[in-house]
Amino acid sequence: MKSDALPAEPRSKRFRFGIRTNLFIGFALLTVVIVALLWLFQIVFLNSFYKAIKIADLRQNAHQIVRSLDDTEMMYEAVATAAQDSQANVLVADGDGVRLAVARTSLNDVFSQLWPNDLRTLYQDTLAQGGTYFQRYIHGSPVDGGAADIIRGADSLESVLYVYALETAGGNERLVILFASIAPLESTVETLRIQLTVITIIMCLLAFGLAWVISRSISKPIVRMNRSAAELAKGNYSVRFAESGARETAELAHSLNVAAVELSKVETLRRDLIANVSHDLRTPLTMITGYAEVMRDLPGENTPENVQIIIDEATRLTTLVNDLLDLSKLQSGTVTLAPTSFSLTECIRTILHRYDKLIDYQFDFQYDRDVEVIADELKITQVVYNLINNAVTYTGEDKKITLRQLVMEDRVRIEVSDTGEGIPEDKLQDIWERYYKVDKEHKRAQVGTGLGLSIVKTVIDLHGGTYGVQSALGQGSTFWFELPLPKEDSES
Ligand code: ADP
């Protein structure tokens with residue numbers, strides 16, 4: 001069939017990277033991103049970050065001083081903190097230019113040229129400008145042509161100046177000047193650069209090492225599994241997959257093992273089917289031909305008994321062909337049920353009447369009342385037939401068969417028990433499979449087609465019922481099935 005054929009071009013033939021290459025690429029990309037981010041933040045942006053933080057810090061300290069201007073003690077404290085925290089030169093003066101507090105951090109006094117007069121002018125100018133003045137310096141020169149003369153001797157690469165002029169809540173006129181260096185961290189950046197170079201090398205080695213180890217642990221079991229799967233595809237169902245490696249791969253190997261076992265079962269069933277069907281068809285055909293030839297050639301042999309044998313064998317053939325057709329129709333899903341309401345109890349009584357001919361056998365049907373079910377009567381009849389036929393075939397010397405009808409809350413259970421040899425426990429699952437026969441050599445087993453229980457299973461499944469078997473070796477078997485009861489019946 002076309003759909004079963006392999007794709008003309010197996011997917012594996014198209015170019016694809018292997019797990020190992022993919023992992024290597026992934027780890028390499030991750031390393032590049034991490035190292036790039038580290039370099040960017042530690043080296044390229046470090047100065048800008050440092051400056052931004054320093055300026056924010058300075059501004060916060062300045063505000064602290066401004067808030068404490070009415071309390072001399074607090075003001076001294078704030079000035080000292082600013083000098084220490086932000087490494088700032090601080091000067092506080094009043095509106096007349098008299099210095100109230102000074103803090104210096106560097107040796108040269110950057111405010112040395114500011115005489116009271118200058119301070120007074122600065123106070124008034126700043127007040128006129130809105131109360132604040134900010135200026136950046138590079139090598140002591142104002143960046144955009146601001147007031148150069150406020151500070152002197154500031155030779156640091158980069159620095160900032162804050163000037164505040166205000167009238168405090170207590171009515172004091174105050175001038176606050178902060179000046180701090182925000183020199184770039186050249187030496188720190190150099191140290192970091194060396195460190196980062198080492199880190200980059202270590203990261204690369206680590207990434208490659210890890211990619212190698214991880215890819216090995218993932219790809220190795222997959223490569224092995226792939227080899228086994230190719231064997232399986234060739235039809236070697238005895239192949240097994242090693243359940244090793246990571247959890248997912250071990251689980252995959254386990255599922256594939258289960259699949260391989262199931263495939264080998266199907267293969268055995270298929271072989272058995274061909275053997276069974278050809279055998280089952282040939283036996284009655286040989287008999288029919290044999291008897292017919294005898295009757296044609298020998299005049300005295302044309303007896304009703306011989307004709308009956310031919311009829312019986314033809315009937316057996318019909319049964320086999322019907323069973324085969326029924327099962328394949330049922331299992332292909334093309335059959336729709338024709339449910340009607342009928343008395344299951346009555347149905348079983350009618351079936352048992354047909355066994356009246358078997359006078360050696362003793363049938364016992366135990367029930368307490370008639371039960372109506374909604375089901376496909378023909379199919380259920382077939383189920384009961386199959387179970388009774390099996391019981392007749394396999395029951396023990398006493399030839400006793402017991403049927404029981406048990407009405408439960410919302411369902412009815414039918415049991416068919418015999419007193420035969422029973423079924424070994426490890427076969428209990430398999431007997432429901434098509435063409436399965438526990439003991440193929442057994443004379444009795446040769447009577448059956450191996451399809452009966454498979455039909456029972458499929459029909460009961462279609463009705464939404466349950467089925468099963470209890471069996472003890474040497475003591476007989478009890479096959480049962482349960483059907484749901486219609487609402488009114490289960491309530492009564
Ligand atoms: P068959 O036509 O061979 O009876 P079934 O599908 O009805 O096919 O049964 C499958 C197998 O289950 C039988 O071959 C037999 O080995 C076993 N089996 C079925 N019913 C009984 C029973 N009542 N006692 C013992 N074995 C049974």
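Check the entry above for the structure.
Notes on the structure in this doc start here. Computed from a predicted structure; not experimentally measured.

About the criteria used
Residues numbered from 1 in each chain as written. Predicted model: local features only at pLDDT ≥ 70, side-chain atom pairs only at ≥ 80, totals over all residues. Heavy atoms only, no water. Helix = DSSP H or I, 4+ residues; strand = E, 2+ residues; numbered from the N terminus. Buried < 20%, exposed > 50% of the residue type's maximum accessible area, 1.4 Å probe, protein only. Contact = heavy atoms within 4.5 Å. Areas by Shrake-Rupley, 256 points an atom, 1.4 Å probe, with all protein chains shown as cover. Phe/Tyr/Trp six-rings, centres within 6.5 Å; stacked < 30°, edge-to-face > 60°. Pairing = 2+ DSSP bridges. Axes fitted to C-alpha atoms, helices over the stretch in contact; angles between N-to-C directions. Patch = residues over 30% accessible without salt bridge, like charges linked within 9 Å, V, L, I, M, F, W, Y side chains within 5 Å. Salt bridge = Lys/Arg side-chain N within 4 Å of Asp/Glu carboxyl O. Parallel < 35°, antiparallel > 145°, perpendicular 65-115°, else oblique. Nonpolar A, V, L, I, M, F, W, Y, C, P; charged D, E, K, R; others polar. Polar contact = N/O pair within 3.5 Å; in protein donor to acceptor, adjacent residues only side chain to side chain. Left-handed = near helix turned anticlockwise from the far one by under 90°. Expected span 1.5 Å × (residues − 1). Arc of directions from axis to C-beta.

Below, the discussion takes up the overall build of the protein chain. For the protein chain, the helix and strand inventory stands at eleven helices and 13 strands. By residue count, 36% of the 492 residues in the protein chain fall in the buried class. Across the protein chain, the fraction of contacts at a sequence separation of at least 24, relative to all contacts at a separation of at least 6, is 64%. Working note: accessible area of the protein chain is about 28800 Å², and carbon and sulfur atoms make up 58% of it.

So, on to the packing of aromatic side chains. Each pair of aromatic rings is reported with the distance of its centres and the angle of its planes. Evaluation of the coordinates by the stated rule reveals twelve aromatic pairs. Judged by centre distance (4.9 Å) and plane angle (50°), the rings of Phe-134 and Tyr-162 are tilted. Of this pair, Phe-134 sits in strand β3 (residues 132-138) while Tyr-162 sits in strand β5 (residues 158-167), and the two are 28 residues apart along the sequence. Exposure remark for Phe-134: the relative accessible area of 40% places this residue in the partly exposed category. Ring plane angle 50° and centroid distance 6.0 Å describe the contact between Tyr-355 and Tyr-385, whose orientation is recorded as tilted.

Here we have five strands laid out as an open sheet, ordered β8-β10-β11-β13-β12, and mixed in their pairing. In the strand order of this sheet, the two ends are held by β8 (362-366) and β12 (466-472), each with one partner. Going from strand to strand, the sheet's axes swing by 15° on average, the running direction of each strand aside. As judged from the seven bridges shared by strand β11 (residues 411-418) and strand β13 (residues 476-484), these two strands associate in the antiparallel manner. Bridged to Glu-415 within β13 is Trp-480.

Attention now moves to unusual backbone geometry. Positive phi, normally seen in glycine, also occurs at Gln-87, with a value near 50°. For Gln-87, the position within the fold is in the loop between α3 (72-85) and β1 (88-94). By relative accessible area, which is 47% here, Gln-87 ends up partly exposed. Notably, Lys-399 is not glycine yet its phi reads approximately 55°, a positive angle. One can find Lys-399 in the loop between α9 (377-394) and β10 (400-407).

Turning our eyes to something else, we now look at a nonpolar patch on the surface. Taken together, the side chains of Val-33, Leu-37, Leu-40, Phe-41, Val-44, Phe-45, Phe-49 and Ile-53 define a hydrophobic patch exposed on the protein surface, amounting to about 710 Å² of accessible area. The set of elements that each furnish at least two residues to the nonpolar patch consists of α1 (19-44) and α2 (46-67). A total of five residues in the nonpolar patch trace back to one element, the largest contributor, which is α1. On the secondary structure map, Leu-40 appears in helix α1. A residue is classified by how much of its surface remains accessible, and Leu-40, at 36% relative accessible area, is partly exposed.

Time to look at the sheet that holds strand β2 (residues 99-103). One open sheet holds the six strands; their spatial order is β2-β1-β6-β5-β3-β4, and the pairing between them is antiparallel. The open sheet has two free edges, formed respectively by β2 and β4 (141-142), since each of these has just one partner strand. Strand contacts of α2: β1, β5 and β6 (173-181), with the helix running at about 25° to β5, the strand carrying the most contacts.

Turning to the pattern of salt bridges, a few remarks are in order. If you walk through the whole model with that rule in mind, you get 18 salt bridges. Among the ionic pairs, Arg-247 bridges to Glu-251, the shortest N-O distance being 3.7 Å. Placement of both Arg-247 and Glu-251 in helix α6 (residues 247-297) is noted, with a separation of four residues, approximately one turn of the helix. Here Glu-251 falls in the partly exposed class, since its relative accessible area comes to 46%. Ionic pairing is found between Arg-413 and Glu-482, a salt bridge with its closest N-O pair at 2.8 Å. With a gap of 69 residues between them, Arg-413 in strand β11 and Glu-482 in strand β13 connect regions that are remote in the sequence. By relative accessible area, which is 11% here, Arg-413 ends up buried. Among the ionic contacts, a cluster of salt bridges with common partners joins Arg-404, Asp-410, Arg-411, Arg-413, Glu-415 and Glu-482.

Packed helices, taken two at a time, are described by their axes: the angle between them and the distance between them. Packing of α2 against α3 brings their axes to within 9 Å, and their N-to-C directions diverge by 170°. Considering the angle they form, α2 stands roughly antiparallel to α3. Mapping the contact onto sequence places Asp-57, Asn-61, Gln-64 and Ile-65 in α2 and Ala-78, Val-79, Ala-82 and Asp-85 in α3. Taken together, the residues of the contact of α2 with α3 break down into four nonpolar, two polar and two charged.

This brings us to the side chain of Thr-31. Take Thr-31: it is sitting in helix α1. At 2.6 Å, the side chain of Thr-31 forms a polar contact with the backbone oxygen of Phe-27. In this view, Thr-31 contacts Met-203, Cys-204 and Ala-207; residues no more than four positions away in its chain are not counted.

Another point: the packing of α9 against helix α10 (residues 452-462). As a packed pair, α9 and α10 sit with axes 9 Å apart at the nearest point and diverge in direction by 145°. The crossing of α9 and α10 is left-handed. Along the contact surface, α9 presents Lys-379, Ile-380, Gln-382, Val-383, Asn-386, Leu-387 and Asn-390, while α10 presents Gly-452, Leu-453, Ile-455, Val-456, Val-459 and Ile-460. Taken together, the residues of the contact of α9 with α10 break down into eight nonpolar, four polar and one charged.

Our next topic: α2. Here α2 spans 32 Å end to end across 22 residues, near enough to the 32 Å set by a 1.5 Å rise per residue. Those residues of α2 that fall on the buried side of the exposure criterion are Leu-46, Asn-47, Lys-54, Ile-55, Leu-58, Asn-61, Ala-62 and Ile-65. Buried residues in α2, looked at end-on, bunch into an arc of 150°, giving them a common side. Of the exposed residues in α2, the ones pointing more than 90 degrees away from its buried face are Ile-53, Gln-60 and Arg-67.

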